[in-house]
Amino acid sequence: MQVEDTDIPAVKIVTPKKFGDDRGFFSEVYNRSMWVNLGLNFEFVQDNHSFSAAVGTLRGLHFQTPPHAQDKLVRVARGRILDVAVDIRRSAPTFGRYVAVELSAENWRQLLVPVGFAHGFVTLEPDTEVLYKTTANYSPAHDRGVAWDDADIGVSWPLPLGGPLLSDKDKRWPRFKDTRDLFG
């Protein structure tokens, strides 16, 4: 397992080893004891799986507030995404900055998005499947978000003509400067 820092050190790229032959491949994508040995002490409690049929499906930017704040481990089983983590920790020197990493079934990278970050992604290929583990269960009462297109954050989303496909909820998130419940 390879662990790489990003421009924001709290966000990590984790790439599991992949063993292939003429039958296909095998990969141990998560092993708690190996993670602890690498200094990544996270206890995941929920697995999520999303499917997006169209290129340009944008999900985010989401986070949950304490006591249900979530660390996330994101990977792609089929297709390709641009995965984004925005630092919403007011006390961090990287507050308001973001990391964008391409994740795909081909590159087999995973993005570790810690508590204190808003998370989102846009699909770059049709029929994309994204899987992610979280360290807290989903809680509708603690579900929050930031506008995906906020100029103060300035994410450079690779979008198709006509813009992204968004859920009604993702169309209504407030601007970064108006977002309540950011982290301390």
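Above this text you will find the structure in question.
The following paragraphs examine the structure supplied in this document. Only a predicted model underlies this, so the values are computations on that prediction, with no experimental measurement involved. (Residues numbered from 1 in each chain as written. Predicted model: local features only at pLDDT ≥ 70, side-chain atom pairs only at ≥ 80, totals over all residues. Heavy atoms only, no water.)

### Notes on the layout of surface pockets
Argument step 1. Counted as a void, the largest pocket has a volume near 400 Å³.
Argument step 2. Taken together, 22 residues form the lining of the largest pocket, with Arg59, His62, Lys72, Tyr132 and Lys169 sitting closest to its centre.
Argument step 3. Looking at side-chain class alone, the lining of the largest pocket contains six nonpolar, 11 polar and five charged residues. (1 Å grid on protein atoms, 1.4 Å probe; cavity = no way out; pocket = protein on both sides within 12 Å on 5 of 7 lines; lining within 4 Å. Points joined across faces, edges and corners; volume = space filled by probe spheres on them. Nonpolar A, V, L, I, M, F, W, Y, C, P; charged D, E, K, R; others polar.)

### A look at empty space enclosed by the protein
Argument step 1. Within the structure shown, the criterion is met by one cavity of 30 Å³ or more.
Argument step 2. Each pocket or cavity is described by its volume, and for the largest cavity that value is around 50 Å³.
Argument step 3. For the largest cavity, the full set of lining residues is His62, Phe63, Gln64, Ala69, Gln70, Lys72, Pro114, Val115, Gly116, Phe117, His119 and Phe183.
Argument step 4. Elements that contribute at least two residues to the lining of the largest cavity include exactly β6 (58-64) and β11 (117-123).
Argument step 5. Looking at which element gives the most residues to the lining of the largest cavity, the answer is β6, with three residues.
Argument step 6. Classifying every residue of the lining of the largest cavity gives six nonpolar, five polar and one charged. (Helix = DSSP H or I, 4+ residues; strand = E, 2+ residues; numbered from the N terminus.)

### Points about the sheet that holds β11
Argument step 1. Reading across the sheet, the five strands line up as β9-β8-β11-β6-β13 and stay open at both edges, with antiparallel pairing between neighbours. Edge positions in the sheet fall to β9 (98-104) and β13 (143-145), since each of these pairs with one other strand and no more. Across the sheet, the mean angle separating the axes of adjacent strands is 30° when strand polarity is ignored.
Argument step 2. As judged from the three bridges shared by β6 and β11, these two strands associate in the antiparallel manner. Following the sheet pairing, arginine 59 is matched in β11 by phenylalanine 121. (Pairing = 2+ DSSP bridges. Axes fitted to C-alpha atoms, helices over the stretch in contact; angles between N-to-C directions.)

### Here we look at the side chain of threonine 57
Argument step 1. Assignment of secondary structure puts threonine 57 in the loop between β5 (46-52) and β6.
Argument step 2. Residue classification places threonine 57 among the buried positions, given a relative accessible area of 11%.
Argument step 3. For threonine 57, the side chain forms a polar contact with the main-chain oxygen of alanine 54, separated by 2.9 Å.
Argument step 4. Beyond its immediate sequence surroundings of up to four residues, threonine 57 is in contact with Ser52, Phe121, Val122, Thr123 and Leu165. (Buried < 20%, exposed > 50% of the residue type's maximum accessible area, 1.4 Å probe, protein only. Polar contact = N/O pair within 3.5 Å; in protein donor to acceptor, adjacent residues only side chain to side chain. Contact = heavy atoms within 4.5 Å.)

### Thoughts on the environment of aspartate 87
Argument step 1. Within the secondary structure layout, aspartate 87 lies in strand β8 (residues 80-87).
Argument step 2. Here aspartate 87 falls in the buried class, since its relative accessible area comes to 0%.
Argument step 3. Taking C-alpha positions, aspartate 87 is 13 Å from aspartate 181, a pair spaced 94 residues apart along the chain.
Argument step 4. Ignoring anything within four residues of it in the chain, the contact list for aspartate 87 reads Ile8, Ala92, Thr94, Phe95, Gly96, Arg97, Gly116, Phe117 and Phe176.
Argument step 5. In terms of polar contacts, aspartate 87 uses its side chain to reach the side chain of arginine 89, at 2.7 Å.

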